[in-house]
Amino acid sequence: MRFDIITLFPDFFSSPLTSGLLGKALLKQIAEVHLINPRDFATDKHRRVDDEPYGGGVGMLMKPEPIFAAVESLPILPQRDVILMTPQGQPMKQQLFKELATGYDQLVIICGHYEGVDERVLHLVTREVSLGDFVLTCGEIPALAMINGVTRLLPGTVGKAESLKLESFEAGLLDYPQYTRPAEFRGWKVPEVLLSGHHGEIDRWRKQQQIQRTKERRPDLFD
């Protein structure tokens, strides 16, 4: 999987891309991340990437020319998606990560700033995605979430691929409670069923817990 990130702040990704499972996956070349600064494609002497909106209003907009030039400088792989990170996009969900991980070999991610991007940038875009119903200072935060969420689904990133099937949202339910040693901590005990060694009972208990937890915490998913 190739990620091309159009970002005004490439340094934002320095630490996250070298840490944890994501860092290991990139080292093993399961995925590769390329950081492209649209400022490098600005044509005026001040290297401007933003300007005032026509019609007035507060804030600044990212100009279309540097973004177009940055995207058009990239190689084009057979299965490519060009994604704009924006609060107006489709919600970022696990099903979307699965679709991107299995259906594409190149994701171009445009990180917005200021009050957003010039509307004409949407002629480049094949998909708009939102991290949630809120506004952040930059598109790098949701872009990093997407890189992480997609890469962990690629073969070889997670040691036990079977564990991916037992997570929250995979079956429309939240994950069940999990415990490790010690069996008792500050008076809180691990449920007896988990100590029983009876795998059938454990499976039933976990399924019941998933249903109960989803009903209580995410009634929207339960419905």
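Residues numbered from 1 in each chain as written. Predicted model: local features only at pLDDT ≥ 70, side-chain atom pairs only at ≥ 80, totals over all residues. Heavy atoms only, no water.

### Comments concerning the overall build of the protein
A tally of helices and strands in the protein yields seven helices and nine strands. Against the compact-globule benchmark of 17 Å for 223 residues, the protein has a radius of gyration of 22 Å, which places it well outside the compact range. Taking the principal axes of its C-alpha atoms as reference, the protein extends roughly 70 × 40 × 35 Å. Expressed as a percentage of its 223 residues, the buried residues of the protein come to 40%. For the protein, the proportion of contacts with a sequence separation of at least 24, taken over those separated by at least 6, is 76%. (Helix = DSSP H or I, 4+ residues; strand = E, 2+ residues; numbered from the N terminus. Rg over C-alpha atoms; globule rule 2.2 N^0.38 Å. Buried < 20%, exposed > 50% of the residue type's maximum accessible area, 1.4 Å probe, protein only. Contact = heavy atoms within 4.5 Å.)

### Looking at the packing of helix 3 (residues 94-103) against helix 4 (residues 140-151)
For the pair helix 3 and helix 4, interaxial distance at closest approach is 8 Å and the crossing angle is 70°. By the angle between their directions, the pair helix 3 and helix 4 is classed as roughly perpendicular. Considering how the two elements wind past one another, helix 3 and helix 4 form a crossing that is right-handed. Taking contact as the criterion, the partners of Leu 96, Phe 97, Leu 100 and Ala 101 in helix 3 are, on helix 4, Ala 145, Met 146, Gly 149 and Val 150. Split by residue class, the contact of helix 3 with helix 4 holds seven nonpolar, one polar and no charged. (Axes fitted to C-alpha atoms, helices over the stretch in contact; angles between N-to-C directions. Parallel < 35°, antiparallel > 145°, perpendicular 65-115°, else oblique. Left-handed = near helix turned anticlockwise from the far one by under 90°. Nonpolar A, V, L, I, M, F, W, Y, C, P; charged D, E, K, R; others polar.)

### As for the packing of aromatic side chains
Tallying each qualifying case throughout the model produces two aromatic pairs. An angle of 75° between the planes, with centres 5.3 Å apart, marks the rings of Phe 12 and Phe 13 as edge-to-face. Here Phe 13 falls in the buried class, since its relative accessible area comes to 0%. Between the aromatic rings of Phe 185 and Trp 188, the centroid separation amounts to 6.2 Å while the plane-to-plane angle is 45°, which identifies the pairing as tilted. (Phe/Tyr/Trp six-rings, centres within 6.5 Å; stacked < 30°, edge-to-face > 60°.)

### Some thoughts on the environment of Tyr 114
Its location among the elements puts Tyr 114 in the loop between strand 6 (106-111) and strand 7 (127-130). Residues Tyr 114 and Thr 137, 23 residues apart in the sequence, show an inter-C-alpha distance of 7.4 Å. In contact with Tyr 114, not counting residues within four places along its chain, are Leu 8, Arg 39, Val 49, Asp 50, Met 60 and Met 62.

### Quick word on the side chain of Thr 157
Along the polypeptide, Thr 157 turns up in the loop between helix 4 and strand 8 (184-185). A polar contact is formed between the side chain of Thr 157 and the backbone oxygen of Thr 151, at a distance of 2.8 Å. Residues contacting Thr 157, with those up to four places away along its chain left out, are Leu 21, Ala 25, Ile 30, Thr 151 and Arg 152. (Polar contact = N/O pair within 3.5 Å; in protein donor to acceptor, adjacent residues only side chain to side chain.)

### Comments concerning the environment of Pro 78
Tracing the backbone shows Pro 78 in the loop between helix 2 (64-72) and strand 5 (80-91). Here Pro 78 falls in the exposed class, since its relative accessible area comes to 72%. The spacing of Pro 78 and Thr 214 is 136 residues in sequence and 39 Å in space, taken between C-alpha atoms.

### Observations regarding helix 1 (residues 20-27)
Burial in helix 1 covers these residues: Leu 22, Gly 23, Ala 25 and Leu 26. Projected down its long axis, helix 1 carries its buried residues within an arc of 160°, all on one side. What points out from helix 1, more than 90 degrees from its buried face, is the exposed set Lys 24 and Leu 27. Remark: Gln 29 follows helix 1 within two positions and exhibits a positive phi of approximately 60°. (Arc of directions from axis to C-beta.)

### What to know about the sheet that holds strand 7
The five strands lie next to each other as 2-1-6-5-7, forming an open sheet whose pairing is parallel. Among the strands making up the open sheet, the edge pair consists of strand 2 (32-36) and strand 7. Mean inter-strand twist for the sheet, computed between neighbouring axes without regard to direction, equals 30°. Each of strand 1 (2-6), strand 2, strand 5, strand 6 and strand 7 is contacted by helix 4, which is oriented at about 160° to strand 6, the strand it contacts most. (Pairing = 2+ DSSP bridges.)

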